[in-house]
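Architecture at a glance
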Amino acid sequence: MKQRMVCALVLSLVSCWANAVEGDPQPSVMWEYFHERLLNNAEFVFDEKVQVSVPPFAEDARQVPVEVDARALTGRVEKIMLWAELNPIPQVLNVYPSAELEKFLAVRIRVEQATPIRAAFLMDDGIWHVGSARIEAAGGGCTAPSVVRAQEGWEDHLGEILGARFNTGDNSRLRLSVSHPMDNGLVDSIPEFYLDQAELRDLSGAVLARLEIFSAISENPTITLGIKGQPETQLWLRDNNGNEFTAHIP
Amino acid sequence: MRYLFIFCCSFFLSLSAVADYQLTPKKIAENTWLVEGSTDNFSLHNGGNIVNAAFIVTDHGVVVVDTGPSFAYGKVLRAAIASVTDKPVIQVLLTHHHPDHVLGNQAFDDVPIAALAGTKKLLQEQGNYMAENMYRVVGDAMRGTEVLLPTQLVEEGLMEIGGHPLRLLSLTGHTGADLAILDERTGVLFAGDLVFYQRALATPNTPGLAAWLADIDTLEKLPWKLIVPGHGPLATDHQPFVQMRDYLNWLDSALREAAQAGQDMNQVLRMPIPERFAGVSLTRYELIRTVSHLYPRYEQQQWQRLDQ
Ligand SMILES: [Zn+2]
């Protein structure tokens with residue numbers, strides 16, 4: 001974790017002589033860095049069809065809701081990356097969706113300070129389509145003490161999954177919340193302990209979406225995914241300690 | 001130009017925090033005075049003066065209801081009291097632990113400061129964090145302000161002071177520990193933040209909107225003649241209760257319906273606010289906060305255990 005902190009520090013120094021890129025709806029000196037580091041300098045376009053929504057301010061910096069709606073994009077999605085540029089742990093989520101997934105997701109994240117939020121969709125044309133938003137925050141979401149750990153017996157609830165599938169016309173919205181402290185290693189010398197992998201599968205076990213999860217996601221993660229049709233699905237999750245959890249979503 | 005204006009404002013603010021509060025007590029009933037705040041949000045310009053403070057000049061001395069958002073406010077409040085009476089301040093009553101109501105306590109450190117036990121506990125737990133927040137938002141007007149805990153605990157019942165029988169009610173809707181005070185001599189009801197009027201209600205500590213609705217029923221049944229809301233204008237009619245009930249019911253059903261439809265928070269905080277609340281200030285701002293405070297509970301009501 002220390003390495004990441006140092007990394008963030010170096011980044012903020014670098015940013016002194018970096019410049020925002022033209023056409024960026026959320027001009028940020030960090031764009032070039034993340035373009036290189038996360039998108040491998042690949043071709044990209046800032047695309048209004050990728051709508052990233054956040055509240056105008058973070059009432060609770062530990063639970064900031066982020067919604068990504070790119071249903072206006074046509075074509076197949078290879079990969080989705082979501083990050084908060086000025087966070088000590090910027091990366092939030094990577095999704096590798098099948099064609100069964102709608103181009104819609106929502107998740108709650110921690111933010112340490114006001115920051116641009118980016119969602120990048122790698123489409124089958126090989127171009128990253130990037131949507132942006134900016135959250136205002138007084139800060140402290142990444143370094144605030146855990147609410148989960150403050151509750152007696154929280155270990156007994158580890159991996160409990162609450163949720164439901166909601167019909168939205170022809171399609172569905174899966175809403176899921178997992179009991180987990182999502183320790184990011186930045187608080188009270190508690191080591192990293194967080195969900196890092198998930199798969200949404202159909203009942204035959206075929207993967208509908210694979211998710212790489214980072215500890216920028218809030219404790220007791222709440223995630224919403226759009227899925228085509230009204231299928232029953234299963235969710236598989238694993239944390240960095242090797243605990244596995246499964247759920248059946250009727 | 002706008003930035004120059006803001007710069008100048010902050011410059012003058014920094015000259016003297018104490019001089020910034022213009023507190024003019026307004027007589028609202030026999031022996032009873034109101035110091036009315038704006039219905040805006042906290043800002044550098046208002047020094048956090050968004051709150052209604054009040055005082056009663058009894059035969060034995062002055063009873064103060066809430067001390068305002070800062071040490072400086074408390075001092076100006078005390079000077080304002082002295083401008084209308086020679087009687088000493090003998091008692092402070094705090095309606096609840098929120099910073100805009102209690103951070104003037106230091107100016108009254110020579111008299112008993114009374115509150116519900118729950119209020120003291122909440123202020124102990126959250127006071128410093130809330131004060132830090134106020135420093136960030138309100139700035140220099142907060143200079144020298146520290147949390148001073150209540151020095152006296154009160155319970156539901158009658159408190160008789162200098163010819164004013166004060167009926168104390170221990171309620172919960174706004175913060176879990178809310179003191180409402182009915183002066184049985186004048187019929188003035190000091191409702192604290194259980195009643196917001198023409199200003200959207202704030203929910204960071206509410207145990208739930210149902211509890212708040214129950215408190216509104218309790219308060220409305222009291223034999224009051226004049227309502228002093230925690231925020232917003234005075235009223236002699238039922239309108240504040242009508243508005244609170246309407247707003248709480250709308251909020252409750254809107255959040256439930258959103259959760260039933262499987263909406264995530266961003267969709268909920270964009271929802272239309274009914275036209276009839278157009279005269280209520282800060283509705284969108286408080287809705288955004290309320291979604292953060294309360295929506296997870298509404299979500300959970302719609303979810304099942306799915307793990308295997
Ligand atoms: Zn309050």
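Keep in mind that what you see is a predicted model, and the values were worked out from it rather than measured. (Residues numbered from 1 in each chain as written. Chains lettered and ligands numbered in written order. Predicted model: local features only at pLDDT ≥ 70, side-chain atom pairs only at ≥ 80, totals over all residues. Heavy atoms only, no water.)

**Notes on the coordination of the zinc ion**
Residues and elements named next belong to chain B. The protein atoms that coordinate the zinc ion are His96 (NE2), His98 (ND1), His174 (NE2) and Asp193 (OD), at distances of 2.1 to 2.2 Å. Taken together, the four donor atoms coordinating the zinc ion and their angles of 84 to 170° define a geometry best described as irregular. Written as a sequence motif, the donor residues of the zinc ion are H-x1-H-x75-H-x18-D. In this pair, His96 is assigned in the loop between strand S5 (89-93) and helix H3 (99-102) and His174 in the loop between strand S9 (164-171) and strand S10 (178-183), connecting sequence segments 78 residues apart. You'll find His96 and His174 in the same group, each marked buried. (Donors = N, O, S within 2.8 Å, 3.2 Å for Na, K, Ca; no water. Tetrahedral: all angles 85-135°; square planar, octahedral: opposite > 155°, others 65-115°. Helix = DSSP H or I, 4+ residues; strand = E, 2+ residues; numbered from the N terminus. Buried < 20%, exposed > 50% of the residue type's maximum accessible area, 1.4 Å probe, protein only.)

**Points about the sheet that holds S5 of chain B**
Within a sheet, each strand pairs with its neighbour through backbone hydrogen bonds, oriented either parallel or antiparallel. Residue and element names in this part refer to chain B. Strands sit in the order S1-S2-S3-S4-S5-S6-S7 across an open sheet of seven strands; the sheet is mixed. Looking at the sheet topology across the chains shown, the edges are occupied by strand S1 (26-29) and strand S7 (152-153). Both strand S2 (residues 32-35) and strand S3 (residues 53-57) contribute to a ladder of four bridges, which runs antiparallel. Of the residues in S3, the one forming a bridge with Thr32 is Ile56. (Pairing = 2+ DSSP bridges.)

**Describing the sheet that holds strand S12 (residues 226-231) of chain B**
All names here are of chain B. Across the sheet, five strands lie side by side as S8-S9-S10-S11-S12; this open sheet has mixed pairing. In the strand order of this sheet, the two ends are held by strand S8 (157-161) and S12, each with one partner. The sheet shows a mean angle of 30° between the axes of neighbouring strands, direction not considered. By the bridge criterion, five bridges tie strand S11 (residues 188-196) to S12 in an arrangement that is parallel. (Axes fitted to C-alpha atoms, helices over the stretch in contact; angles between N-to-C directions.)

**A few points about empty space enclosed by the protein**
Residues and elements named next belong to chain A. Inspection of every chain in the model, using the stated rule, returns seven cavities of 30 Å³ or more. By volume, the largest cavity amounts to about 140 Å³. In terms of lining, the largest cavity is formed by 14 residues, of which the most central are Ala198, Leu211, Ile213, Ile223 and Leu237. Among the secondary structure elements, those contributing two or more residues to the lining of the largest cavity are strand S10 (171-178), strand S11 (195-202), strand S12 (207-213), strand S13 (222-227) and strand S14 (233-239). Considered class by class, the residues forming the lining of the largest cavity number 14 nonpolar, no polar and no charged. (1 Å grid on protein atoms, 1.4 Å probe; cavity = no way out; pocket = protein on both sides within 12 Å on 5 of 7 lines; lining within 4 Å. Points joined across faces, edges and corners; volume = space filled by probe spheres on them. Nonpolar A, V, L, I, M, F, W, Y, C, P; charged D, E, K, R; others polar.)

**Considering the interface of chain A and chain B**
Interface size, as often reported, equals the accessible area lost upon joining of the parts. Contact with chain A, which involves 31 residues of that partner, is made by 28 residues of chain B. Summing the contributions of chain A and of chain B, the shared interface buries around 2,500 Å²; its carbon and sulfur component is 54%. Of all residues in chain A, the largest losses of buried area upon contact with chain B belong to Glu59, Leu162 and Arg175 of chain A, amounting jointly to 22% of the total for that side. Viewed at the interface, chain B and chain A are joined by seven salt bridges. Residue Glu299 of chain B pairs with Arg175 of chain A through a salt bridge whose shortest N-O separation is 2.6 Å. No other element matches the five residues that strand S9 (residues 161-168) of chain A contributes to the side of chain A that touches chain B. Taken together, the residues that form the side of chain A that touches chain B break down as 16 nonpolar, eight polar and seven charged. (Contact = heavy atoms within 4.5 Å. Buried area = accessible area lost by both parts, 1.4 Å probe. Salt bridge = Lys/Arg side-chain N within 4 Å of Asp/Glu carboxyl O.)

**Observations concerning the pairing of S12 of chain B**
Two faces, one strand: in a regular strand the side chains alternate between the faces of the sheet. Counted residue by residue, S12 of chain B has six buried out of six residues, so it is predominantly covered. Each parallel crossover has a hand, and for S11 of chain B linked through helix H5 (residues 209-221) of chain B to S12 of chain B it is right-handed. (Right-handed = clockwise from strand over helix to strand, strands pointing away.)

**A look at the packing of helix H6 (residues 239-260) of chain B against helix H8 (residues 283-301) of chain B**
Between two packed helices, the angle of one axis relative to the other and the distance separating the axes together describe the packing. All names here are of chain B. Viewed as axis vectors pointing N to C, H6 and H8 meet at an angle of 55°, and their least axial separation amounts to 10 Å. Here H6 lies oblique to H8, going by the angle between them. Relative to H8, the crossing made by H6 is right-handed. Contacts between H6 and H8 involve Tyr247, Leu251, Asp252, Leu255, Arg256, Ala258 and Ala259 on the former and, on the latter, Thr283, Leu287, Thr290, Val291, Leu294, Tyr295, Tyr298 and Glu299. (Parallel < 35°, antiparallel > 145°, perpendicular 65-115°, else oblique. Left-handed = near helix turned anticlockwise from the far one by under 90°.)

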